[in-house]
Amino acid sequence: MDPADPPGDPAAGDPAAGDTDHPGNSTGGERHCTGQDPLLFRQALQTLWSTRELQQLREEAWRGFAALDDPLTGLLDMLEGSQAWQRKGPSLEAWVVCELHRWLQARPLPAPAQHSSRLQQLRARAVRVLARSPPSLVEPLVSIFQLQDADRSPLLTHIHQLHQEGKFKEAVVLGSRLKLQPALDVEKMCTPLLLQDRVSLVERYVAGFPDLQRRLLALLDSWCRPGFDIGVVARQHPQVTSRLERLSPRVLSRRVLSQLERLGLDPALCPNAANQQRLAALRYLCYKRFVERSMSQENWVDHVQGLVGREEWPQEMVVQLLASPGNEAVAAQCALGLSVPEEQLPATVAAELRRLELQERVARAPLEDRKGDYYQLPIAREDIHFLASWEDLARHEEALLQPGQVVGVDVEWRPSFGTGGRPQASVMQLAVEGRVFLLDLPVLSRPAGGQVSKAFSRLVSRLLSDPSITKLGYGLAGDLRSLGASCPALAHVEKRLWGGLDLLRVHRQMRVVNMPAGGMCEARGLRGLSLLVQQVLGKPLDKTQQLSNWDRRPLSEGQLVYAAADAYCLLEVHQALSREPASFSLSEDLARSLQPGCSERPGAPEPPRLQEASALPWQVPVAEREDAAPEVPARAFRVVCDNMLQGLARSLRCLGADVRVLGTNEDHRRAAEVARQEGRIILTSGLPYHKLRAQVGAGRCLWVDCSLKARQQAKAVLRHFNVRVTHADIFSRCQACNCDQYLKVSKDTMKQLVRLSSRPEGPSITGDEATQSEDIQESDSAPEEAPGGCTYDPPCRWLEAADLRAGAPATLASGTQLQLAGVPEGVLRRPGLRHFYCCSGCGKVFWEGSHLCRVTSQFSQILSSASSSWKQS
C-alpha cells in the first residue's frame, strides 16, 4: 500500500467513516474516547501486521485512533519506543504515521491553542523524532503536529544543537524539511558536509533558495583561488573525517561551473573556478601541442588566445600559473609558443626555455612533413562541397537521399575545454561514394523556423529515417545528440534513426591479429576512430585539426580536408570489414550486420559505453584492448592508482582487485616506483602518462578518463586487461584499506563489544549500509515479502578472545581498533542478521545489506558465472 493512496473514502463506505455511533464521533462537537490502552492497541496492530491482513489492519487502526484519548501522544510513544521505522524496509510504525495522517485529514481533531504548553511539548518531541525520520514521513509528521506553524526559535535551537554535537547531516536534513534554510548560516551548515565530500546533499539543501545557492557557489569559488589551503578549513573542524582529495581546485571548479550552467547564472560570479578551468585547459593544450604533438601551432595559438584574452590574463601570468613545481617544462613550452620575453619568467622556467630554443633550432620537424604517415583522402579537392544555403541543399539533395547507398556521418564543434558551457555543433559531414558534403550548421539551422532551417531539418530527418540508406558513424548517437542540441528542429533526432550502424560498437568486438608490437599505434597513443582506421586501412587519421576552431569562417584548407577525411574513412572502413570480416575476428552475425540494409533496428539496447556519447571531443576514454589478453583472476590483478582515481580504486577493491592508491602529496613518479617494485599496473588520469608508460613498459600503464563515473572506469579497466571477476570476489577486499583478511563476529559478540566500548552518541556514517546514501532512506508503508536478497559468506575464521587485546575489548592484538561507532544500534537488533565481519587491517565493520545486491547488479555484465561461496536467494 503506497502512503499516498488513501485507505478509503470516508464518504464511500470506509468502516471508520460513516458510523455515527463510533466512539470518535460526537454530535456536540467534542470527542468522547474510551481511553483504549495504547499498548494493547499497538499489540493488536502488530498481530495483523505480521499476518499481512492489510484491510483488517487498516480498519483496526482507524478504530483505534478514534478510541485513544490522545492519538498524537500515542504516536510519539510508539515512535520513541522503537527504531525499526528509521531503517530501510517496511515497518509498522512508519505505516501508522501515514494512516494517522489520513485519518486526521478525514476527521480533524480540535486544534489546541498555538501557544498551549501541551502543544509545545508535543512539537518538541515531534522535532526530535523528525530529525531521525526517513523522507517519506516528513510531510505527514509536519502536518500531524502542525510544525509549519510552530515557533521557529525552538526548532532553530534544536538544529543548532544537532550541529554542535557533530550531527551535521541530521542538522541539514532537518533544516531542509522544516524549510528553515534562510534562517541558518549556509557556510556554517554546509562546510562540514563539504569536507566530507557530501556536495550533492549540500546542493539539495540550498535548492529553491537562489540567494543561498549563490552564497554556496561563492564559498566553493573561494576554495578555488590560487594558493588556498583547504587543510586550514579542515583543521577548524577536527571532528569531521575530511576527504580532501575530492576538494582539489580542479574538482571543485568543475562542480562550480556545472552548477552555474544548470542554474543559468553568470560565470563571472565565480572567477576563481573559471580561472582554474582555463588553467586546466591551458595545461591540456600544452600537452596536445608539445608532448603529444597532435595540434598545429596555428590551432594552439588560436585556442590559447581565446582562453587567455588580452587584458584579464596577461600572458606572463599564464606562464607563472603553469610553473608549479615539477611543471617547468610545460610552462617553458607555453612561453615559447606565446613568445613571452625571457625576463618575465621565473628563473627555472627561463632556463628550461633556453634549452627548448636550442633544441628547436637543432631539430625541427614540421607537422606537414609527416602527411605520408596518415590516411589520405582518396577523392579530389573539388569533390568536397561546402553547403551554406538553401540553393546548395536543393542542388545536392538527390545525391544525399539516393536509396540503398551508404552514408558516412560525422559532426564537428569548437571545443570549449569546460570553460564556456556546452559547445554547439558547427559542421556536419555527410560522405557518399566519391563525394563529401560539409553542412554549415550555424547558417543552415538559423533562424529557427526559417526557410533554410526547415529545408535543412527536413533533409536530415529524411536521410536519418530512411531504412534503405545505411548511416555509418563512430559514436553516432552522441553526434546526433550534439546536432539536436544545436538545432532545435532536430532535437532527439537520434530516436528517429533507422538503418544506422555505429562502427564504435563494431570496433569493440574486433580482434586484430598479427599487429606489430610497439608500432605506430603504441608510439602515438592512437585511440578511437584513428585507431580503427589504422587497424583496418593501415594508416591512422591525422587528428591535428580535431581541436581547431570550427566556428571560424571561412574554414581553413586543412580543416576542410580533415572534416572530409573524418567522414569518408567510415565508408572505406565499412567496405574493408564487409569484404573480410574474418580477418578481424568478427562474428557471423556481426558480419551480416555490416551489409547495407541489415543495420540494427533503432532503440535496440546498446552495450554499455566506456564514455557517454555526449562527452566532449577532447576527453579521452579508456581504450579497449585490440588484442586478446590472457585472462587474469580479479584477486591477482594488482594496480596502483593516482590520487585522482579514488573512486575507481574503491570500485576495483570492491570487486577483489589489489589496489594501491598514491597519497595526496605523492607525485606520479612514485607510481612508477611502486609499479616496478610490486609488479603493479599504473592507472593514471594525469598528464605524465607518456612518461610513466616509458618507465614501466608497454601494457603496464593505462590512462583513465576522470570525467567518467567510477563504475564506468572500473568496467573499462577490467575489460581492457581481461580480468575475470566472480561472485566470490565481491567484497573479498576492504574498500577502505585494501586488506583481504576478515574476521567473522557473531551478533552476540558484536553486541558485547559495542556495549563494552565507549560508544559515542549519535549515528555515524561508517559501515556498509550507512555509507551508501546521502539521504535517510525511505521506509515502505506496508508489510511485504522481503525482496530476493544476497547472502555474503566469505571464507574467514571466527573472531576469538585471543584476537583481542586484554583490557581493550575493541582492539585487535595487532593494535587495530575496531570501528564499532559505525554499527547503528538498530542493526544489532535486526532479525535475521546472523553475524558481522571486521577488517583486520583497519577495523572497519561490515554486515549484510542491500549494498551487496546493488553492486552485483551494477557489475552483472562483467561477472563470471563460476560457482562461489557467494549466493543469491
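Residues numbered from 1 in each chain as written. Predicted model: local features only at pLDDT ≥ 70, side-chain atom pairs only at ≥ 80, totals over all residues. Heavy atoms only, no water.

Student: I would appreciate a short explanation of the overall build of the protein chain in the present structure.
Tutor: Of the regular secondary structure elements, the protein chain holds 34 helices and 20 strands. The buried share of the protein chain, reckoned over its 873 residues, is 50%. If you take every contact in the protein chain between residues at least 6 apart in sequence, the share linking residues at least 24 apart comes to 70%. (Helix = DSSP H or I, 4+ residues; strand = E, 2+ residues; numbered from the N terminus. Buried < 20%, exposed > 50% of the residue type's maximum accessible area, 1.4 Å probe, protein only. Contact = heavy atoms within 4.5 Å.)

Student: Would you mind going over the pairing of strand β16 (residues 808-812) with me for this structure?
Tutor: Bridge count for strand β15 (residues 804-805) against β16 is two bridges, and the pairing is antiparallel. Looking at β16, one finds that Arg-805 is bridged to Ala-808. Connecting the antiparallel pair β15 and β16 is a turn made up of two residues, with Gly-807 showing a positive phi of about 80°. (Pairing = 2+ DSSP bridges.)

Student: Sorry if this is basic, but what is going on with the packing of aromatic side chains here?
Tutor: Any pair of aromatic rings gets described here by the distance separating the centres and the angle formed by the planes. Inspection of every chain in the model, using the stated rule, returns eight aromatic pairs. Consider the rings of Phe-41 and Phe-65, whose centres lie 5.9 Å apart with planes at 75°: the pair is edge-to-face. Of this pair, Phe-41 sits in helix α1 (residues 38-51) while Phe-65 sits in helix α2 (residues 54-67), and the two are 24 residues apart along the sequence. In this pair, the class of Phe-41 matches that of Phe-65, namely buried. Taken together, the ring pairs in this structure connect Phe-41, Phe-65 and Trp-103 into an aromatic cluster. Between the NZ or CZ atom of Lys-715 and the centre of the ring of Phe-859, over which it lies, the distance is 6.0 Å. (Phe/Tyr/Trp six-rings, centres within 6.5 Å; stacked < 30°, edge-to-face > 60°. Lys NZ or Arg CZ within 6 Å of the ring centre and 35° of its normal.)

Student: Explain the packing of α2 against helix α4 (residues 92-106) here, please?
Tutor: A pair of packed helices is captured by two measures, namely the crossing angle of their axes and the spacing between those axes. At a minimum axis distance of 10 Å, the contact between α2 and α4 shows a crossing angle of 60°. One element, α2, and the other, α4, form an angle in the oblique class. By crossing handedness, the relation of α2 to α4 is classed as right-handed. Along the contact surface, α2 presents Leu-57, Arg-58, Ala-61, Trp-62, Phe-65 and Ala-66, while α4 presents Trp-95, Val-96, Glu-99, Leu-100, Arg-102, Trp-103 and Ala-106. (Axes fitted to C-alpha atoms, helices over the stretch in contact; angles between N-to-C directions. Parallel < 35°, antiparallel > 145°, perpendicular 65-115°, else oblique. Left-handed = near helix turned anticlockwise from the far one by under 90°.)

Student: I tried to follow unusual backbone geometry on my own but got confused; where do I start?
Tutor: With an omega of -5°, the peptide bond running from Arg-446 to Pro-447 counts as cis. The topology assignment puts Pro-447 in the loop between α20 (441-444) and α21 (451-465). Following Arg-553, the chain continues to Pro-554 via a peptide bond in cis, the omega torsion being 0°. Tracing the backbone shows Pro-554 in the loop between α25 (528-537) and α26 (557-579). Backbone geometry at His-492 places phi at a positive 60°, although glycine is not the residue there. Non-glycine residue Asn-738 carries a positive phi angle of around 80°. Looking at where Asn-738 falls in the secondary structure, it is placed in the loop between β12 (723-726) and β13 (742-746).

Student: Would you mind going over the sheet that holds strand β18 (residues 845-846) with me for this structure?
Tutor: Neighbouring strands of a sheet are bound in pairs by backbone hydrogen bonds; such pairs are parallel or else antiparallel. Here three strands make up an open sheet; going across it, the order is β13-β17-β18 and the pairing antiparallel. At either margin of the open sheet sits one strand with a lone partner, and together these are β13 and β18. With two bridges joining them, strand β17 (residues 835-839) and β18 adopt antiparallel strand pairing. Paired with Cys-838 across the two strands is Val-845, which belongs to β18. Each of β13, β17 and β18 touches helix α32 (residues 747-756); the most contacted strand, β13, lies at about 90° to it.

Student: Would you mind going over the sheet that holds strand β11 (residues 701-703) with me for this structure?
Tutor: One open sheet holds the four strands; their spatial order is β9-β8-β10-β11, and the pairing between them is parallel. Since the sheet does not close on itself, it has two edges, and those belong to β9 (658-661) and β11, each with one partner. Here the average twist between neighbouring strands, direction ignored, is 25°. Sheet analysis places strand β8 (residues 638-641) next to β9, joined by four bridges and oriented parallel. Bridge pairing links Val-639 to Val-659 in β9.

Student: Looking at this structure, how should I read helix α13 (residues 249-263)?
Tutor: Quick reminder: α-helices carry 3.6 residues per turn. Residues three or four places apart thus point the same way. For α13, built from 15 residues, the straight-helix expectation of 21 Å at 1.5 Å per residue is met to within 8% by its first-to-last C-alpha distance of 21 Å. Three or more residues of α13 are buried, namely Val-251, Leu-252, Ser-253, Val-256, Leu-257, Gln-259 and Leu-260. Elements that come into contact with the buried residues of α13 comprise α10 (199-206), α11 (210-222) and α14 (271-291). With its phi angle positive at about 70°, Gly-264 sits one or two positions after the end of α13. (Expected span 1.5 Å × (residues − 1).)

Student: Is there a simple way to think about the side chain of Lys-715 in this case?
Tutor: Summarising the element assignment, Lys-715 is placed in helix α31 (residues 710-720). From its side chain, Lys-715 meets the backbone oxygen of Gln-858 in a polar contact 3.0 Å long. Residue contacts for Lys-715: discarding those within four places in its chain leaves Gln-858, Phe-859, Gln-861 and Ile-862. (Polar contact = N/O pair within 3.5 Å; in protein donor to acceptor, adjacent residues only side chain to side chain.)

Student: Quick question: what am I supposed to make of helix α8 (residues 168-177) here?
Tutor: Within α8, ten of the ten residues are buried, which leaves the element mostly enclosed by the surrounding structure. Residues of α8 that are buried include every one of Phe-168, Lys-169, Glu-170, Ala-171, Val-172, Val-173, Leu-174, Gly-175, Ser-176 and Arg-177, and no others. Its buried side turned inward, α8 meets α5 (117-130), α6 (138-144), α7 (152-164), α9 (186-195) and α10. Positive phi appears at Lys-179, one or two residues downstream of α8, with a value of about 55°.

Student: Help me understand the confidence of the model for the protein chain in this model?
Tutor: One rule of thumb: low pLDDT means the predicted coordinates there are not for detailed reading. Residues at a pLDDT of 70 or more form 78% of the protein chain, whose mean pLDDT is 76. Predicted confidence for residues 1-34 stays below pLDDT 50, and this span has 56 contacts to residues more than four positions away or in other chains. Across residues 362-368, confidence stays below pLDDT 50; counting only partners more than four residues off in sequence or on other chains, it has five contacts. (pLDDT = per-residue confidence, 0-100.)

Student: In this structure, what is going on with the packing of α9 against α10? I would like to understand it.
Tutor: Here α9 crosses α10 at 160°, and the two axes come no closer than 8 Å. Our classification of the angle between α9 and α10 gives roughly antiparallel. α9 and α10 meet at a crossing whose hand is right-handed. Between α9, through Val-186, Met-189, Cys-190, Leu-193 and Leu-194, and α10, the contact on the second element is made entirely by Val-199, Leu-201, Val-202, Tyr-205 and Val-206.

Student: Got a minute to help me understand the state of the cysteines in this structure?
Tutor: Note on terminology: disulfide describes a covalent bond linking the sulfur atoms of two cysteines. Using the criterion set out here, one finds zero disulfides in the structure. The cysteine Cys-224 is free of any disulfide, with Cys-270 supplying the nearest cysteine sulfur at 8.1 Å. You can see Cys-796 has no disulfide; the closest cysteine sulfur is in Cys-838, sitting 8.6 Å from it. (Disulfide = S-S within 2.5 Å.)

Student: For this particular structure, what's the right way to read the nonpolar core?
Tutor: Grouped burial of nonpolar side chains is what soluble globular proteins tend to show. Judged by nonpolar contacts, the single largest core of 81 residues is most densely connected at Leu-75, Leu-141, Phe-145 and Leu-194. Ranked by residues supplied to this core, first place goes to α4 with nine residues. Apart from residues no more than four positions distant in its own chain, Leu-141 is found in contact with Leu-75, Leu-79, Val-97, Val-129, Leu-130, Ser-133 and Leu-147. Among the nonpolar cores identified, the runner-up in size contains 41 residues, and Met-644, Val-725, Ile-730 and Tyr-792 belong to it. (Core = buried A, V, L, I, M, F, W, Y, C linked by side-chain atoms within 4.5 Å.)

Student: Help me understand the pattern of salt bridges in this model?
Tutor: Between side chains of opposite charge, a pair can form as their charged atoms come close. Summed over all chains, the structure comprises 24 salt bridges. Across the pair Arg-462 and Glu-397 runs a salt bridge, and its minimum N-O distance is 2.8 Å. Of this pair, Arg-462 sits in helix α21 while Glu-397 sits in helix α19 (residues 390-400), placing them 65 residues apart in sequence. Under the relative-accessibility criterion, Arg-462 is labelled partly exposed at 44%. Through salt bridges that share partners, Arg-638, Asp-658, Arg-660, Glu-678 and Arg-680 make up one connected network. (Salt bridge = Lys/Arg side-chain N within 4 Å of Asp/Glu carboxyl O.)

Student: Just checking my understanding: could you explain the environment of Pro-415 for this structure?
Tutor: Looking at the secondary structure, you find Pro-415 in the loop between β2 (406-413) and β3 (425-432). Its relative accessible area of 5% is what places Pro-415 among the buried residues.

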